[in-house]
Amino acid sequence: MILHRRLPGGAVVVEGRLADELQISRTPMREALGRLAGEGLLQRSGTRSYVVRKVDATEFFQSMKVRELLEGEAITLADGRVETAVIDSLRADIARMMVAQEQESRHWALDDRLHMLFADHSGNAVLARLITQVRINSRLFEVSSPFRRVKADGEEHLAILDAFAAGNAKEARRLMLRHLRNLQDEAMAILSGRNPTGR
């Protein structure tokens, strides 16, 4: 609900109320909320309540710069470690989404798969954990919308996968950095009141 922005930044999450809404008992709800707080999605605001963490523009752009460093390195480390079938499956799913212009949750799921593919195959669990954390920071920034970038994201993701599958990790890394910078450019355009072009 948080990552899909059904609970926006600053929204109050009350343990009992959410447990009733989702029809689950309070003990697992309490444990889940504690875990989400530990992952940086929630901040405690009372004994039984939390607030969805809000990410401002400064934190977003700083997080994106960190992502450039970490995700670029993940591609280099993952070189030769990802099975062709895994890449082909992801590529096919992205291509289908671009044609169907599928729902937001589908877009986010494929975005997660693409960006975590290299982290999860890097052989460095700490790097993967850090990428997950910093991706949460950029995901909580509510200015951008996936629907503005379904086609552009898909094209950029496919280009990254194609370069990587061809054994050109250096080019895949360059394309990943360009993709992350395009996301920043779009956010800056929206913040400054301009309509992002080509999106």
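Residues numbered from 1 in each chain as written. Predicted model: local features only at pLDDT ≥ 70, side-chain atom pairs only at ≥ 80, totals over all residues. Heavy atoms only, no water.

Turning to the UniProt feature "domain: HTH gntR-type" (unreviewed entry) in the protein, a few remarks are in order. In the UniProt entry, the feature "domain: HTH gntR-type" (unreviewed entry) is given for residues 1-55. In the segment residues 1-55, helix accounts for 38% and strand for 18%; the C-alpha atoms at its two ends are 16 Å apart. (UniProt positions renumbered as here; feature names shortened; annotations may be inferred. Helix = DSSP H or I, 4+ residues; strand = E, 2+ residues; numbered from the N terminus.)

Before going further, it helps to examine the sheet that holds strand S2 (residues 42-44). If you walk across this open sheet you meet the three strands as S1-S3-S2, and the pairing is antiparallel. Every other strand in the sheet has two partners, leaving strand S1 (12-14) and S2 as the edge strands with one partner each. Mean inter-strand twist for the sheet, computed between neighbouring axes without regard to direction, equals 35°. (Pairing = 2+ DSSP bridges. Axes fitted to C-alpha atoms, helices over the stretch in contact; angles between N-to-C directions.)

Within the secondary structure, Ser-63 sits in helix H3 (residues 57-78). With relative accessibility at 4%, the residue Ser-63 sits in the buried group. Of note is the side chain of Ser-63, whose polar atom sits 2.7 Å from the backbone oxygen of Glu-59. Residues in contact with Ser-63, not counting those within four places in the same chain, are Val-134 and Asn-137. (Buried < 20%, exposed > 50% of the residue type's maximum accessible area, 1.4 Å probe, protein only. Polar contact = N/O pair within 3.5 Å; in protein donor to acceptor, adjacent residues only side chain to side chain. Contact = heavy atoms within 4.5 Å.)

Where helix H4 (residues 84-100) contacts helix H7 (residues 150-165), the two axes come as close as 10 Å, and the packing angle between them is 160°. Relative to H7, H4 is oriented roughly antiparallel. The two elements H4 and H7 cross, and the hand of that crossing is left-handed. Here H4 contributes Ile-87, Leu-90, Arg-91, Ile-94, Met-97 and Met-98 to the contact with H7, which in turn contributes Val-150, Lys-151, Gly-154, Glu-155, His-157, Leu-158, Leu-161, Asp-162, Phe-164 and Ala-165. Partitioning the contact of H4 with H7 into residue classes produces ten nonpolar, two polar and four charged. (Parallel < 35°, antiparallel > 145°, perpendicular 65-115°, else oblique. Left-handed = near helix turned anticlockwise from the far one by under 90°. Nonpolar A, V, L, I, M, F, W, Y, C, P; charged D, E, K, R; others polar.)

A few words on the pattern of salt bridges. Pairing of side chains with opposite charge becomes possible as their charged atoms draw close. In this structure the tally under the stated criterion is 16 salt bridges. Note that Glu-68 is salt-bridged to Arg-181, the shortest N-O span being 3.0 Å. Highlighted residues: Glu-68 in helix H3 and Arg-181 in helix H8 (residues 169-191), separated in sequence by 113 residues. Exposure remark for Glu-68: the relative accessible area of 8% places this residue in the buried category. For Arg-181, a relative accessible area of 40% gives the class partly exposed. Taking the shortest distance from any N to any O, the salt bridge between Lys-151 and Glu-155 comes out at 2.4 Å. Placement of both Lys-151 and Glu-155 in helix H7 is noted, with a separation of four residues, approximately one turn of the helix. The partly exposed category is assigned to Glu-155, whose relative accessible area is 40%. Taken together, the shared-partner salt bridges connect Asp-93, Arg-96, Arg-106 and Arg-113 into one network. (Salt bridge = Lys/Arg side-chain N within 4 Å of Asp/Glu carboxyl O.)

Bringing the confidence of the model for the protein into the picture now. Averaged over the protein, the pLDDT score is 90; the fraction of residues at 70 or greater is 92%. When the elements of the protein are averaged for pLDDT, helix H5 (residues 104-120) gives the smallest value, 90, and H3 the largest, 97. (pLDDT = per-residue confidence, 0-100.)

The volume enclosed by the second largest pocket comes to roughly 170 Å³. Among the elements of the structure, helix H1 (15-22) and helix H2 (26-38) are those that each provide at least two residues to the lining of the second largest pocket. When residues in the lining of the second largest pocket are grouped by element, the largest group, four residues, is from H2. For the lining of the second largest pocket, the residue count by class is 13 nonpolar, no polar and no charged. (1 Å grid on protein atoms, 1.4 Å probe; cavity = no way out; pocket = protein on both sides within 12 Å on 5 of 7 lines; lining within 4 Å. Points joined across faces, edges and corners; volume = space filled by probe spheres on them.)

Turning our eyes to something else, we now look at the nonpolar core. Ranked by internal contacts, the top residues of the largest apolar core, which has 52 residues, are Val-13, Ile-75, Phe-118, Leu-161 and Phe-164. Discounting chain neighbours no more than four positions away, the residues touching Ile-75 are Phe-118, Ile-160, Phe-164, Ala-169, Ala-172, Arg-173 and Met-176. (Core = buried A, V, L, I, M, F, W, Y, C linked by side-chain atoms within 4.5 Å.)

It is worth spelling out H4 at this point. Counted at 1.5 Å a residue, the expected span for H4 with its 17 residues is 24 Å, and the 24 Å between its end C-alpha atoms agrees. Among the residues making up H4, those that are buried are Ile-87, Leu-90, Asp-93, Ile-94, Met-97 and Met-98. Along the axis of H4, the buried positions cluster into a sector of 140°, meaning they face one direction only. Away from the buried face of H4 by more than 90 degrees, exposed residues Thr-84, Ala-85 and Val-99 are located. (Expected span 1.5 Å × (residues − 1). Arc of directions from axis to C-beta.)

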